[in-house]
Amino acid sequence: MSNDFYTTAILPHAGIIIKICRAYTDSQEDFEDFYQEACLQIWKSRTAFQDKSKWSTWLYRVTLNVCLTLAKKNTKRGYATEITNEASEDNKAFENENLNLLYKAIKKLSEVDRAIILLHLDENPHKEIAVIIGTSANNIAVRINRIKKQLKILLDGKIN
Amino acid sequence: MEKSIEKIWNESFINEQSLVAPKINDLYNQKSKSIISRIKRTYEIDNKGLIPIAVLVLITSIIFSQYIIGVYGASLIIGLYFFNRNLLNRFNTIDIKSDNLTYLKNYRKIIDYVSKATKNLFMYIIPLVVLSIFILGYFIKDTSFLARFISKDTTLIEILGIGVTVVFIIFAIAMTVFKISTKILYGTLISKLDDIIKEIEELKQ
């Protein structure tokens, strides 16, 4: 992979990858591993990209597939660094207390619900979310309402 | 929490371009950390290891003048190498850009296929190979390694009896190793995958 591909095709959309990877990881090491793996898989499958879908949609798919299947290893390591404001000091966005709470709540959801709500929060239409997940738009709409209620309960109780 | 989750999200990521990506070094030469890629890499290394073993079997058989059994054994090992190589090609069929459900299902299928093929190898192929070496040894018993252990008037049935006993011992050891390694390698992953697939399928209905 040339540096050009990373700089021109991945880096401008790094935000999507960062947001997803953060929702599936609990430590800084895992976060960096997942991010790297997602970039690697995006590069490996780049030739299969067709203009039929948006590049960002395609990134969502690959990144979610990576996150859903990447083996978790830090649960076995005692020294894993938790993702804290300090650990992600490069990203001012994550210093926001409300956002941190929201991420904590999102992490309480199942893997599938996490994917759905992340796509919804990033303003993807239900139809597109359905295509990415592999289900129907109607079911996505119902599920989003349920997830939002679940998140509200968690946030009102400040997570537990 | 007064703000809606959408509002919190949008306010936090007003300027998405400002998100800083983790530093990645030499990404282009990085190895994949996904379990499928790791399994594939391990298989590839293990499989390539069969070639020097086949050569070693051949050389040893020449040293001990067991030409026929040596050639036969080496051919079987090379056959195993091609069997494994064929198995590895399955990993290349997973399309990471497909939708989540399709991807996870394909992923699961490959794990099942590899697991089943390995089980069949342990259950049928290896015992048959061991048995066939005993049968071959019987027909060339004057010159084979068996000459040291059996008398000239030993019958084929008796040789088969010894062969079957050895096969059962190998089978028991192989199945135990297979079950333990499968549980260690795939146990957690399979149950996690099944849960996710089940959830998306429920969502689909």
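Model, not experiment: these values are computed from the prediction. (Residues numbered from 1 in each chain as written. Chains lettered and ligands numbered in written order. Predicted model: local features only at pLDDT ≥ 70, side-chain atom pairs only at ≥ 80, totals over all residues. Heavy atoms only, no water.)

Caption draft 1: Structural detail: the overall build of chain A. In terms of regular secondary structure, chain A is built from 8 helices and 0 strands. When the helices and strands of chain A are listed from N to C terminus, the series reads α-α-α-α-α-α-α-α. For chain A, the proportion of its 160 residues judged to be buried stands at 57%. Once local pairs closer than 6 in sequence are excluded, the contacts in chain A between residues at least 24 apart make up 68%. A total accessible area of about 7,200 Å² is found for chain A, and carbon and sulfur atoms account for 49% of it. (Helix = DSSP H or I, 4+ residues; strand = E, 2+ residues; numbered from the N terminus. Buried < 20%, exposed > 50% of the residue type's maximum accessible area, 1.4 Å probe, protein only. Contact = heavy atoms within 4.5 Å. Areas by Shrake-Rupley, 256 points an atom, 1.4 Å probe, with all protein chains shown as cover.)

Caption draft 2: Quick peek at helix 7 (residues 126–133) of chain A. Among all positions in helix 7 of chain A, only E128, I129, A130, I132 and I133 of chain A are buried. In this structure, the buried side of helix 7 of chain A is in contact with helix 4 (55–69), helix 6 (111–121) and helix 8 (137–156) of chain A together with helix 5 (100–139) and helix 6 (156–204) of chain B.

Caption draft 3: Quick peek at the interface of chain B and chain A. Taken together, the 46 residues of chain B in the interface contact 72 residues of chain A. Across the interface of chain B and chain A, roughly 5,200 Å² is buried in total on both sides, 61% from carbon and sulfur atoms. Between E6 of chain B and K148 of chain A there is a salt bridge, with its nearest N and O atoms 2.7 Å apart. Taken together, chain B and chain A are joined by 14 residue pairs in polar contact (both at pLDDT 80 or more). Ranked by residues supplied to the side of chain B that touches chain A, first place goes to helix 6 of chain B with 8 residues. Residue composition of the side of chain B that touches chain A, by class: 23 nonpolar, 12 polar and 11 charged. (Buried area = accessible area lost by both parts, 1.4 Å probe. Salt bridge = Lys/Arg side-chain N within 4 Å of Asp/Glu carboxyl O. Polar contact = N/O pair within 3.5 Å; in protein donor to acceptor, adjacent residues only side chain to side chain. Nonpolar A, V, L, I, M, F, W, Y, C, P; charged D, E, K, R; others polar.)

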